[in-house]
Number of protein chains: 2
Amino acid sequence: MPSSEPAHLFAALGDPTRLGLVTRLSDGSERSIVQLGEGLPMSRQAVAKHLDVLHGAGLLHRRKSGREVHYALRRDAIEAARGWLDQVNAQWDGTLARLKAMVEEGDG
Amino acid sequence: MPSSEPAHLFAALGDPTRLGLVTRLSDGSERSIVQLGEGLPMSRQAVAKHLDVLHGAGLLHRRKSGREVHYALRRDAIEAARGWLDQVNAQWDGTLARLKAMVEEGDG
DNA sequence: CTTTCATGCAACTATTTGGTTGCGTTAAAT
DNA sequence: ATTTAACGCAACCAAATAGTTGCATGAAAG
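The residue count restarts for each chain, going from 1 along the sequence in the order it is written. The lettering of chains begins at A and the numbering of ligands begins at 1, in the order of writing. The model is predicted, so local features are restricted to residues of pLDDT at least 70 and side-chain atom pairs to those at 80 or more, both for listing and for counting; the totals for chains, interfaces and linings are taken over all residues. Side-chain numbers here rest on the full set of heavy atoms in the structure, without hydrogens or water.

*Asks:* I would appreciate a short explanation of the protein's contact with DNA strand D in the present structure.
*Replies:* Around DNA strand D lies a shell of 19 residues, among which S43(A), K49(A), H50(A), R44(B) and R62(B) are the nearest. Expressed as a percentage, the sugar and phosphate content of the atoms of DNA strand D within 4 Å of the protein is 56%. At 2.6 Å, a side-chain N or O of R62(B) approaches a phosphate oxygen of DNA strand D. Secondary structure is summarised from DSSP: a helix means a run of H or I of at least four residues, a strand means a run of E of at least two, and numbering begins at the N terminus for each. Every element with two or more residues in the surface near DNA strand D is listed here: α4 (44–56) of chain A together with α3 (33–37), α4 (44–56) and β3 (68–73) of chain B. With four residues, α4(A) is the largest single contributor of residues to the surface near DNA strand D. The nonpolar class holds Ala, Val, Leu, Ile, Met, Phe, Trp, Tyr, Cys and Pro. Asp, Glu, Lys and Arg form the charged class, and all remaining residues, Gly among them, are polar. For the surface near DNA strand D, a count of residues per class yields five nonpolar, six polar and eight charged. We call a residue near a molecule or strand as soon as one heavy atom of that residue lies within 4 Å of the molecule or strand. Here a polar contact means two N or O atoms within 3.5 Å. Within protein one must be a hydrogen donor candidate and the other an acceptor candidate, and residues neighboring in sequence count only if both atoms are side-chain atoms.

*Asks:* Hey, could you run me through the sheet that holds strand β3 (residues 68–73) of chain A in this one?
*Replies:* The pairing of strands in a sheet comes from backbone hydrogen bonds and takes either a parallel or an antiparallel form. All names here are of chain A. By this definition, two strands are paired if DSSP reports at least two bridges between them. The strand order across the open sheet formed by three strands is β1-β3-β2, and the pairing between neighbours is antiparallel. With one partner strand each, in any of the chains shown, β1 (30–32) and β2 (60–65) form the two edges of the open sheet. Averaged over all pairs of adjacent strands, the angle between strand axes in this sheet comes to 30 degrees, irrespective of strand direction. Pairing of β1 with β3 involves three bridges; the strand directions are antiparallel. Looking at the pairing, R31 lines up with Y71 of β3. The contact definition used throughout considers only heavy atoms, calling two residues in contact when any of these lie within 4.5 Å. Only the stretch in contact is used when fitting a helix axis, every axis being a line fitted to C-alpha atoms; angles between N-to-C directions are given from 0 to 180 degrees. Those strands touched by helix α2 (residues 16–25) are β1, β2 and β3, and its axis lies near 85 degrees from that of β3. Across the sheet, α4 is in contact with β2 and β3; its angle to β2 comes to roughly 120 degrees.

*Asks:* Please clarify how the packing of aromatic side chains should be interpreted in this entry.
*Replies:* For any two aromatic rings, the description comes down to two numbers: the centre-to-centre distance and the angle of the planes. A pair of Phe, Tyr and Trp rings is counted when the ring centres sit within 6.5 Å of each other, with Trp represented by its six-membered ring. The angle between the planes then sorts it: under 30 degrees is stacked, over 60 is edge-to-face, the rest tilted. In the structure shown here, the tally under the stated rule is three aromatic pairs over all chains. Summarising the aromatic geometry, the rings of F10(A) and W84(A) are spaced 5.7 Å apart at their centres and angled 75 degrees between planes, so their arrangement reads as edge-to-face. Here W84(A) lies in helix α5 (residues 75–107) and F10(A) lies in helix α1 (residues 6–13), a separation of 74 residues in the sequence. Like F10(A), the residue W84(A) is buried in the burial classification. Ring centres of F10(A) and F10(B) lie 6.0 Å apart, and the angle between their planes is 10 degrees; this geometry places the pair in the stacked category. Within this pair, whereas F10(A) is found in helix α1, its partner F10(B) is found in helix α1 (residues 6–13), the two belonging to separate chains. An aromatic cluster is present here, built from F10(A), W84(A), F10(B) and W84(B) joined pairwise through their rings. Comment: the charge-over-ring label is applied if NZ (Lys) or CZ (Arg) is within 6 Å of the ring centre and within 35 degrees of the ring normal. Geometry around W92(B) places R75(A) over its ring, the cationic atom sitting 5.2 Å from the centre. Three labels apply to residues, based on accessible area from a 1.4 Å probe with only protein chains included: buried if under 20% of the type maximum, exposed if over 50%, partly exposed otherwise in between.

*Asks:* Just to check I follow, could you spell out the interface of chain A and chain B for this structure?
*Replies:* Frequently, the measure chosen for interface size is the accessible area removed from exposure when the parts meet. At the junction of the two partners, chain A supplies 29 residues and chain B supplies 29 residues. When chain A packs against chain B, the two sides together hide about 2800 Å² of surface, and 69% of this comes from carbon and sulfur. Summed over the three residues of chain A that lose the most area to chain B, namely R75(A), L85(A) and W92(A), the buried surface amounts to 24% of that side. Two residues, D93(A) and R75(B), come together in a salt bridge whose shortest N-O distance is 2.4 Å. At the junction of chain A and chain B, the tally comes to eight residue pairs in polar contact (both at pLDDT 80 or more). Those elements giving two or more residues to the side of chain A that touches chain B turn out to be α1, α2 and α5 of chain A. Put simply, buried area is the surface a 1.4 Å probe can reach on two separate parts but cannot reach once they are joined, added for both. The working definition used for a salt bridge is a side-chain nitrogen of Lys or Arg within 4 Å of a carboxyl oxygen of Asp or Glu.

*Asks:* Would you mind showing me how to read the side chain of D15(B) here?
*Replies:* Along the chain, D15(B) turns up in the loop between α1 and α2 (16–25). Buried charge D15(B) goes without a salt bridge, the closest partner of opposite sign being R18(B) at 4.6 Å. By the counting scheme adopted, Arg and Lys are positive, Glu and Asp are negative, and His together with the chain ends is not counted.

Here it is as structure tokens:
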């Protein structure tokens, strides 16, 4: 049950290994656990755990195919995270705009 | 010494309390530790630790004024995080564009 | 059918994290 | 000068995290 809450999303991204996995998947492809673990200095289970964290945060799509499990990046989750950051920026801009408007109104 | 590494940045944002603090600061204002802690169900020190994490990740600017310490959001850090997410999207788009180009070239 | 390979599950460990409390320091207010 | 308010530092604790290993299972390949 993916959560999609911003904090959950950012927490999942807050680890170099997981960020690397997301980067690897950023071409939109699907990969198996072993494929994603290739070259990483840790056990398969460690990689599986990381993928589970990413999946739990709603960042990955999971598909079983035979004896393999394939993960793919969920673009909407990335957009959700981006959206939160945009909102922070918007709030900032909005406040400054209102401030500017007030100053100008005061001037006129 | 703020790090500004993406994983460090996301990790700092990966906690509801800290996300709330960032939201509070998203109007661009400066606030003291006690001010930022008002209404939060935890001790001042807990809040101070959270602010230190955010500052350590490069997300907050810190200014001492008399006996108070004021924190403000660093917009460039927010943009850095956003930039990383944008890059993931761009990679995705790029791959799809290349794929489409290949298909079209194959068709022509 | 037997073997191999990708995975899941569970136990265990060390480190990090999010929180606490107590105390000391310094700046502001009375 | 004394008190109060905002902070920093350090010790401590429980829970979560990132990793390990060993073993069981189910699908593919021989």
